[in-house]
Amino acid sequence: MEVHISLAGRRDLSGQIYRQLRSAVRDGRLRTGDALPPTRELARRLEISRNTVAVAYDRLAAEGFLRSRVGAGTFVQEAWPASRGAPAASPLRPRPVWDGVEVWPGPAAGLTWDFRAGLPDVRLFPYESWRRLMSAVLRPSALPGPGAAGDPAGLPALRAAIARHIGVSRSVRAGPGDVVVTAGIQQALDLIGRVLLEPGSVVAVEDPGYPPARMLFRSLGMRVRGVPVDAEGLRVDALPVDARAVYVTPSHQFPLGMPMSLPRRTALLDWARRRDVVIIEDDYDTEYRYGGRPVEPLQSLDGDGRVLYVGTFSKIMRPALRLGFLVAPPALHEAFRLARYVSSWHADLPVQAALARFIDEGLLARHIRASRRRYQTRHERIGELLARDFADRLAIVPSAAGLHLSATFPDGTHAGRPGEGPVDDAEVARRALAEGVGLFPLSKFAVTEPPMSGLVFGYGAVRPAEIDEGLRRLRGVLDAL
Ligand SMILES: Cc1ncc(COP(=O)(O)O)c(C=O)c1O
């Protein structure tokens, strides 16, 4: 244990060592069983006599703090409860913007049937290939030399691999230099806010929509406005006239799941051009497509360079990698590089290098193909069961992509309590949870009142064999309302 001791002057050196070690044990920095340096070694480090250290150790041992074992060394005998910590009394308080912010989707305690949206199946993660690639890149020759930091915009090999991947799979127009590697979509949104939007700017978001995005924009001092969506996606006619940015999920609206129609995409691009507005296109999970023809991303339909495309590896790999990216036009490259730098310099280099190889070796494409088949089976099974057993209560929102399906209670909105008008979806989710079934009510994603009422069925985390039983239990919950 490399314990830090600093000596002042030449007086009472044993006492100084004694007091510093004692307080390290008392406040929990040294814990039971931790080994202390041998007296000879500590004496050499502190440039004092060995006997001075031995006196301090003996005193600590006599008081029960340390124990010496012949031939083994000197160890901390007993831990004191940690009394060390930041002062509890402080005049400092967070800005009110942090009230009501919650970590999403939260812990899974007590869930047997986990239909929560936003989670991929981490059991499908290609652990073996990933281990191989990580050990291949953890060599001096595969990483920048000593003192050489990474490019804040990302490892060149990864930027090139991402540009190719999204060019082929999503027809996004991007060269390696247009890609900035980020810590997930969340950081891409943060960088966009810092680079392009003044505090106080109005940001239009879909209602219902993705909560972490609006929590982020609010925390940056933006004014967030919810815009309703219909079967064709965001209602362009309802956009606020003073919006400076529009954040949308056109491929697979979050949380409802329908794609934005082509006429609506064109209308949004026209609207943004006329008003000089930034469009943020979040393409979070559309590598998983189960039918129908994908509509062109806004980014490739846009002839004007005002769409910032953001993507993530959270769904196709694992959220724990915290890797995503944004695609920006050349005029913004340098500002994004600087924003990435001041934010947290750059993403983990070995992980970036491993992901670049994973893509280049064709493993990502293979992994997506294999997991798509698994997810498609779950998507279809949930769709069948909802159509068969819930048709009297829930209307499925047509969707052919992603990792979740949504369904609305037919009356659309809810009054707050079951038995008094439309269904209270939050109450349904609470009762389902008591049965071990986890799922999100649509109202959780609402920006404005009254929220849409319905349920979101994620199939990333649920085991396929458990889908039928989970939905049978949910049906029981609805019947008991
Ligand atoms: C709409 C939407 N955007 C982005 C993400 C992922 O973001 P990140 O890359 O920060 O993990 C999710 C995850 O659930 C999502 O639902």
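Residue numbers run consecutively from 1 along every chain, following the written order of its sequence. Side-chain atom pairs in this predicted model are given and counted only at pLDDT of 80 or more, local residue features only at pLDDT of at least 70, and totals for whole chains, interfaces and linings cover all residues. Values shown for side chains rest on all heavy atoms present in the structure; no hydrogens or waters enter the calculation.

1. Some details on the packing of helix H12 (residues 363-389) against helix H14 (residues 467-479)
Alright, step 1. Between N-to-C directions, angles cover 0 to 180 degrees, with each direction set by a line fitted to C-alpha atoms, over the stretch in contact for helices. The numbering of helices and of strands both runs from the N terminus, where a helix is a DSSP run of H or I of at least 4 residues and a strand a run of E of at least 2. With their axes 11 Å apart at the nearest point, H12 and H14 run at an angle of 30° to one another. One element, H12, and the other, H14, form an angle in the roughly parallel class. Considering how the two elements wind past one another, H12 and H14 form a crossing that is right-handed. Where H12 approaches H14, its residues Arg 378, Arg 381, Ile 382, Leu 385 and Asp 389 are matched on the opposing element by Ile 467, Asp 468, Leu 471 and Arg 475.
Alright, step 2. Each residue gets one label: Ala, Val, Leu, Ile, Met, Phe, Trp, Tyr, Cys and Pro are nonpolar, Asp, Glu, Lys and Arg are charged, and the others, such as Gly, are polar. Taken together, the residues of the contact of H12 with H14 sort by class into four nonpolar, no polar and five charged. Here roughly perpendicular refers to angles of 65 to 115 degrees, roughly parallel to angles under 35, roughly antiparallel to angles over 145, and oblique to all remaining angles. It is the rotation of the near helix from the far one that decides the hand of a crossing: anticlockwise by less than a right angle makes it left-handed, clockwise makes it right-handed. Whether two residues touch is decided by their heavy atoms; if any such pair falls within 4.5 Å, the residues are in contact.

2. Points about the sheet that holds strand E8 (residues 233-234)
Across a sheet, paired strands are connected by hydrogen bonds in the backbone, their directions being either parallel or antiparallel.
Alright, step 1. By this definition, two strands are paired if DSSP reports at least two bridges between them. Within the open sheet, the eight strands sit side by side as E5-E12-E11-E10-E9-E6-E7-E8. Their pairing is mixed. Of all strands in the sheet, those bounded by a partner on one side alone are strand E5 (179-182) and E8.
Alright, step 2. When strand E11 (residues 307-312) meets strand E12 (residues 324-327), the two strands line up antiparallel, connected through four bridges. Pairing of Thr 312 across the sheet is with Gly 324, part of E12.

3. Overview of the site of the ligand
Alright, step 1. Throughout, the term near means that a residue has one or more heavy atoms lying within 4 Å of the molecule or strand in question. In the region of the ligand, 15 residues are neighbours, and Ile 185, Asp 282, Thr 312, Ser 314 and Lys 315 sit closest.
Alright, step 2. The contact in question runs from an oxygen atom of the ligand to an N or O atom on the side chain of Thr 312, over 2.5 Å.
Alright, step 3. For the ligand, the accessible surface in isolation is 400 Å², of which the surrounding protein chains cover 95%.
Alright, step 4. Residue contributions to the shell around the ligand peak at three residues, all from helix H6 (residues 184-196).
Alright, step 5. By residue class, the composition of the shell around the ligand is six nonpolar, six polar and three charged. Polar contact is the term for a pair of N or O atoms within 3.5 Å; when the atoms are in protein, one must be able to donate a hydrogen and the other to accept it, and sequence-neighboring residues count only if both atoms are side-chain atoms. The Shrake-Rupley method, run with a 1.4 Å probe sphere, supplies the accessible areas, and residue values consider only the shown protein chains as cover.

4. Quick word on the sheet that holds strand E3 (residues 73-76)
Alright, step 1. Strands sit in the order E1-E3-E2 across an open sheet of three strands; the sheet is antiparallel. With partners counted over all chains shown, the strands left at the sheet margins are strand E1 (35-36) and strand E2 (66-69), one partner each.
Alright, step 2. Here two bridges tie E1 to E3, and the two strands are oriented antiparallel to one another. Note on E3: the bridge partner recorded for Leu 36 is Thr 74.

5. So, the nonpolar core
When a protein is soluble and globular, its nonpolar side chains tend to lie buried together.
Alright, step 1. Formed by 63 residues in total, the largest nonpolar core has its most connected members in Trp 130, Phe 313, Met 317 and Phe 457.
Alright, step 2. The element that contributes the greatest number of residues to this core is helix H11 (residues 349-360), accounting for eight residues.
Alright, step 3. Where each domain starts and ends comes from a domain assignment, either automatic or drawn from a database. Counting contributing residues, this core receives three or more from each of domain 2 (113-120 + 367-479) and domain 3 (143-361).
Alright, step 4. With 37 residues, the next largest nonpolar core counts Phe 217, Val 229, Val 397 and Leu 442 among its residues. By convention a nonpolar core is built from buried Ala, Val, Leu, Ile, Met, Phe, Trp, Tyr and Cys residues, the set being connected through side-chain atoms within 4.5 Å. A 1.4 Å probe rolled over the protein chains alone gives each residue an accessible area, and that area as a share of the maximum for its type sets the label: buried under 20%, exposed over 50%, partly exposed in between.

6. A short note on the domain arrangement of the protein
Alright, step 1. Partitioning the protein into structural domains gives domain 1 (13-76), domain 2 (113-120 + 367-479) and domain 3 (143-361).
Alright, step 2. One C-alpha centre belongs to domain 1, the other to domain 2; they are set 60 Å apart.

7. Description of unusual backbone geometry
Alright, step 1. Backbone torsion omega between Phe 254 and Pro 255 reads 10°, so that peptide bond is classified as cis.
Alright, step 2. One can find Pro 255 in the loop between strand E9 (243-248) and helix H8 (262-275).
Alright, step 3. Note that the residue after Glu 449, namely Pro 450, is joined by a cis bond; omega there is -10°.
Alright, step 4. Position of Pro 450 relative to the elements: it lies in the loop between strand E16 (440-441) and strand E17 (452-458).
Alright, step 5. The residue Glu 47 is not glycine, and still its phi comes out positive at about 60°.
Alright, step 6. Counting through the fold element by element, Glu 47 comes out in the loop between helix H2 (39-46) and helix H3 (50-62).
Alright, step 7. Using a relative accessible area of 66% as the deciding quantity, one classes Glu 47 as exposed.

8. Re a nonpolar patch on the surface
Alright, step 1. A patch consists of residues whose relative accessible area exceeds 30% and which take part in no salt bridge; residues with like charges are grouped when within 9 Å of each other, and nonpolar side chains (Val, Leu, Ile, Met, Phe, Trp, Tyr) when within 5 Å. By definition here, a salt bridge exists when the distance from a side-chain nitrogen of Lys or Arg to a carboxyl oxygen of Asp or Glu is within 4 Å. A contiguous nonpolar patch, built from Tyr 341, Val 342 and Trp 345 and spanning about 330 Å² of accessible area, is present on the exposed surface.
Alright, step 2. The topology assignment puts Tyr 341 in helix H10 (residues 330-344).

9. Notes on helix H13 (residues 425-434)
Alright, step 1. Here H13 has its buried residues at Asp 425, Glu 427, Val 428, Ala 429 and Ala 432.
Alright, step 2. Structurally, the start of H13 carries an N-cap: the backbone nitrogen of Ala 426 is 3.1 Å from a side-chain oxygen of Asp 424.
Alright, step 3. Just past H13, the residue Gly 436 takes up positive phi, approximately 90°.

10. What about the packing of aromatic side chains?
Alright, step 1. Here the aromatic set is Phe, Tyr and Trp, taking the six-membered ring for Trp, and pairing holds for ring centres within 6.5 Å; pairs whose planes are under 30 degrees apart are stacked, those over 60 apart are edge-to-face, and all others are tilted. Applying the stated criterion across every chain, the model contains 13 aromatic pairs.
Alright, step 2. Here the aromatic rings of Phe 254 and Tyr 284 are separated by 5.8 Å at their centres, their planes lie at 75°, and the arrangement is edge-to-face. Linking Phe 254 in the loop between E9 and H8 with Tyr 284 in the loop between strand E10 (278-282) and helix H9 (298-301), this pair joins segments that are 30 residues apart in sequence.
Alright, step 3. Assessed through its relative accessible area of 3%, Phe 254 is described here as buried.
Alright, step 4. Tyr 284 sits in the buried class, given a relative accessible area of 8%.

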